[in-house]
Amino acid sequence: MNLDDLLASMPFAVHTGVALTAAGPEETVGTLDWDDHRTTAGAAMHGGAVMTLADSVGAVCAFLNLPPGAMTSTTSSNAVFTRGVRGGTVTATARPLHVGRSTIAVSVEVRDDEGRLVAQVTQSQAVLAN
């Protein structure tokens, strides 16, 4: 699957502006630009926008680690936000922590244009057989 097809499988991610820049089972990377319609008080990027990016990139990473014919669904997602973003682009990098028969755990780092940590997200994904 190419990057456009992977992203197209998540219409909400497309609608919200998530872009994939690399996707593989060991590392998946995506971006989201700051825009005033993605902000909260103080013109900071809304945490929900950051989580949409992290969840989308983490889901692609988990999907790329599935056995043939299986699907995945997020069962938990825990975020620690470390700084606000008031411009530029945030980049999420997802890496698998655990790839098992019934679950996949993914760690996602979200960083700003200067490489500073914006959020650390840990997700659990269920492996669903078709």
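Our structure is the block above this text.
Basis of the calculations
- Starting from 1, residues in each chain are numbered consecutively following that chain's sequence as written.
- Given that the model is predicted, a residue must reach a pLDDT of at least 70 before its local features are reported, and side-chain atom pairs must reach 80 or more before they are shown or counted; all residues, however, enter totals for whole chains, interfaces and linings.
- To obtain the side-chain values, all non-hydrogen atoms of the structure were used and water was disregarded.
- Numbering goes from the N terminus for both helices and strands, where a helix is a DSSP run of H or I of at least four residues and a strand is a run of E of at least two.
- Atoms counted for the radius of gyration: C-alpha only. Globule rule: 2.2 Å times the number of residues to the power 0.38.
- Throughout, exposure labels follow a simple rule: accessible area from a 1.4 Å probe, protein chains only, divided by the maximum for the residue type, with under 20% read as buried, over 50% as exposed, and the rest as partly exposed.
- Should any heavy atoms of two residues lie within 4.5 Å, those residues are considered in contact.
- Every accessible area reported is derived by Shrake-Rupley at a probe size of 1.4 Å, with residue values counting cover from the shown protein chains alone.
- Note on charges: Lys and Arg go in the positive column, Asp and Glu in the negative column, and His and the chain ends are not counted at all.
- Lysine's charge is taken at NZ, arginine's at CZ, aspartate's at CG and glutamate's at CD.
- At least two bridges found by DSSP between two strands is the condition for calling them paired.
- The term salt bridge refers to a side-chain nitrogen of Lys or Arg lying within 4 Å of a carboxyl oxygen of Asp or Glu.

Right, let's get into the overall build of the chain. Assigned secondary structure in the chain consists of three helices and six strands. Beginning at the N terminus, the succession of helices and strands in the chain can be written as α-α-β-β-α-β-β-β-β. Expected size for 130 residues packed as a compact globule is a radius of gyration near 14 Å; at 14 Å, the chain falls within 12% of this value. For the chain, the spread of C-alpha atoms along the principal axes amounts to about 45 × 25 × 20 Å. Scored against the burial criterion, the 130 residues of the chain give a buried share of 40%. For the chain, contacts bridging at least 24 residues in sequence account for 59% of all contacts bridging at least 6. When the accessible surface of the chain is split by element, carbon and sulfur atoms take 53% of a total near 6700 Å². For the chain, the centre of its 7 positive side-chain charges and the centre of its 12 negative side-chain charges are spaced 8 Å apart.

In this section: the pairing of strand E5 (residues 103-111). In this sheet, E5 lies alongside strand E4 (residues 89-99) in antiparallel orientation, the contact comprising eight bridges. Each residue of the ladder has a partner; that of Pro-96, found in E5, is Val-106. Between E5 and strand E6 (residues 117-128), which follow one another and run antiparallel, lie five residues, and Gly-115 among them has a positive phi close to 80°.

Attention now moves to the environment of Thr-75. Position of Thr-75 among the secondary structure elements: in strand E3 (residues 71-81). Contact partners of Thr-75, with chain neighbours within four places excluded, come to Ser-124, Gln-125 and Ala-126.

This part takes up the pattern of salt bridges. The tally for this structure, following the rule as stated, stands at five salt bridges. Here Glu-109 and Arg-111 are joined by a salt bridge, their closest N and O atoms 3.1 Å apart. A relative accessible area of 27% means that Glu-109 is categorised as partly exposed. Look at the salt bridges and you will find they share partners, linking Arg-83, Asp-112, Glu-114 and Arg-116 into a network.

On their own, these measurements won't tell you what the molecule is for.
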